[in-house]
Amino acid sequence: MQKKQDRFTYMTTTPVPRLIAELAVPTIISMLVTGIYNSADTYFVGRIHENATQATAAVGIVFPMMAIIQALGFLFGHGSGNFLSRMLGAGKTNEANEMASTGFAMAMIMGLIIAVFGNIFINPLTDFLISKDVTDVTIEMTKEYSSIILIGAPFMMCQFVINNQLRFQGSAVYAMFGLLAGAIMNIVLDPLLILHFNMGVTGAAIATVSGQISSFIMLLIGSSQGENIRLSIKNVKINSYYIAEVINGGIPSLFRQGLAAVSSILLNTAAGNYGGEPTIAGMTIVTRILMLLVSALIGFGQGYQPVCSFNYGAGLKKRVREGFWFSVRWGTIFLICVSVFCITKAPDVVAFFRDDPDVVKVGVIALRCQAAALPLMGFTVMTNMMLQSMGKGVKASITASARNGLFFIPAILILPRIFGLLGVETAQAVADVLSLGISIPFAASELLKLKQSPE
């Protein structure tokens, strides 16, 4: 009982800025390292001796499929994590324990289904992902890469579940070391398999899946340490109550990641139509660069999420508001710095991944356009995380859908028809600007409610 009280005291009495910083540092490190090893495949396949541009394009084509798997992992991870954190804040440990094991079991079942049926239907799946304007070499590489990535689906999804559950319990350090294990494995294996053993995209896929398995094992060990909730088969309760709670808490993440996958498919199609493989490669590189840079903001926001959900469950609304504005302020300052760096160093950054003039030309314009809108994401991302952590499923789903769905999908369908390749390069920036228009009123309404609620 003393240990449970220690965690409650820590989460509800530690000064909010210090608490967020302590929880955010491990998650920022985790997200940065994860971003690096997510970009490692793109970097190393760009350095193979033959068909480097085609290999880079293939990795980019498979990214939407990986994003969908990640989206489902976040559905179960954020859904179960948000709920168990609120239950711990409210002192309902039995429901927290049952949700932890149930969320994990649901993710494992879904991951196995994806791994089996994904490989059975690998040909129609990759045909759906591939633009018509690519070579047979790219098509074959895409199938090689995706078939192995699918095998890792259960481990990828379950590592996201355990990672998020640990974070929402306030155990960000355990979560960090779990992701670090996978990142190190992937970064070490990538050059070894891709370049030394000349395995190309097959080596890249094996390295990625090996990293996911390493993270899964380390996170599973971490879930049994200290005060963390132990996963147990006897606590698995796959019933309507827990399924509904997972969906309510996790559907915003599913929308955010799932729409990112849809957007990536549309982006690859548009890029292929307006420039072929060099354009696909250039936009793939820019997407990975932005994912890497924004990962630090996401990590910072993930430091705020357990503070928000735990204190909201405990009825400490003032701490929820204080944490939101602290996160918005420092997140925006960071993004301004990142934006300036990307705009001024765009040619060097893109060429680092693939030194092909056609690829660099596309990537530089796209990177500068997207970087210009980056500072707006501080408010939109923190708004989404606050709404999701408070269990405001509908509003959180709308804000999560705005950037990659409500605005990006129309932008990528309309702008290229008007502006050609420039429309492809600027679509994401336009979506970022418009997303702010939804986030402001949603955040304002909930913050006003928090201010008017008695502590």
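What you are looking at is a predicted structure, and each value in this text was computed from that prediction instead of being measured.

### Description of the packing of helix α15 (residues 393–406) against helix α17 (residues 421–452)
No. 1: Close contact between α15 and α17 brings their axes to 8 Å; oriented N to C, the two are set at 170°. Classified by the interaxial angle, the pair formed by α15 and α17 is roughly antiparallel. Along its contact with α15, which presents Lys395, Ile398, Thr399, Ala402, Arg403, Asn404 and Leu406, the element α17 presents Gln428, Ala431, Asp432, Ser435, Ile438, Phe442, Ser445, Glu446 and Lys449.
No. 2: Tallied by class, the residues present in the contact of α15 with α17 amount to six nonpolar, five polar and five charged.

### Observations regarding the pattern of salt bridges
No. 1: In total, this model carries five salt bridges according to the counting rule given.
No. 2: Of the charged contacts in the structure, one is a salt bridge between glutamate 446 and lysine 449, with a shortest N-O distance of 3.6 Å. Taken together, the positions of glutamate 446 and lysine 449, both in helix α17 and three residues apart, correspond to about one turn of that helix.
No. 3: One connected set of salt bridges, linked through shared partners, spans Lys395, Glu446 and Lys449.

### Some thoughts on empty space enclosed by the protein
No. 1: Under the definition given, this model contains five cavities of 30 Å³ or more.
No. 2: What the largest cavity holds in volume is close to 970 Å³.
No. 3: In this structure, the largest cavity is lined by 43 residues; those nearest its centre are Gln257, Met291, Ile298, Arg403 and Asn404.
No. 4: Every element with two or more residues in the lining of the largest cavity is listed here: α2 (16–45), α3 (52–90), α7 (153–168), α10 (240–273), α11 (277–313), α14 (377–389), α15 and α17.

### A word on the layout of surface pockets
No. 1: For the largest pocket, the calculated volume is near 250 Å³.
No. 2: Ile36, Ser39, Leu292, Phe352 and Phe353 are, among the 13 residues lining the largest pocket, the residues nearest its centre.
No. 3: Contributing elements (two or more residues each) for the lining of the largest pocket: α2, α11 and α12 (317–353).
No. 4: For the lining of the largest pocket, the element with the highest residue contribution is α2, accounting for five residues.
No. 5: Looking at side-chain class alone, the lining of the largest pocket contains 12 nonpolar, one polar and no charged residues.

The rules behind these values
Residues numbered from 1 in each chain as written. Predicted model: local features only at pLDDT ≥ 70, side-chain atom pairs only at ≥ 80, totals over all residues. Heavy atoms only, no water. Axes fitted to C-alpha atoms, helices over the stretch in contact; angles between N-to-C directions. Helix = DSSP H or I, 4+ residues; strand = E, 2+ residues; numbered from the N terminus. Parallel < 35°, antiparallel > 145°, perpendicular 65-115°, else oblique. Contact = heavy atoms within 4.5 Å. Nonpolar A, V, L, I, M, F, W, Y, C, P; charged D, E, K, R; others polar. Salt bridge = Lys/Arg side-chain N within 4 Å of Asp/Glu carboxyl O. 1 Å grid on protein atoms, 1.4 Å probe; cavity = no way out; pocket = protein on both sides within 12 Å on 5 of 7 lines; lining within 4 Å. Points joined across faces, edges and corners; volume = space filled by probe spheres on them.

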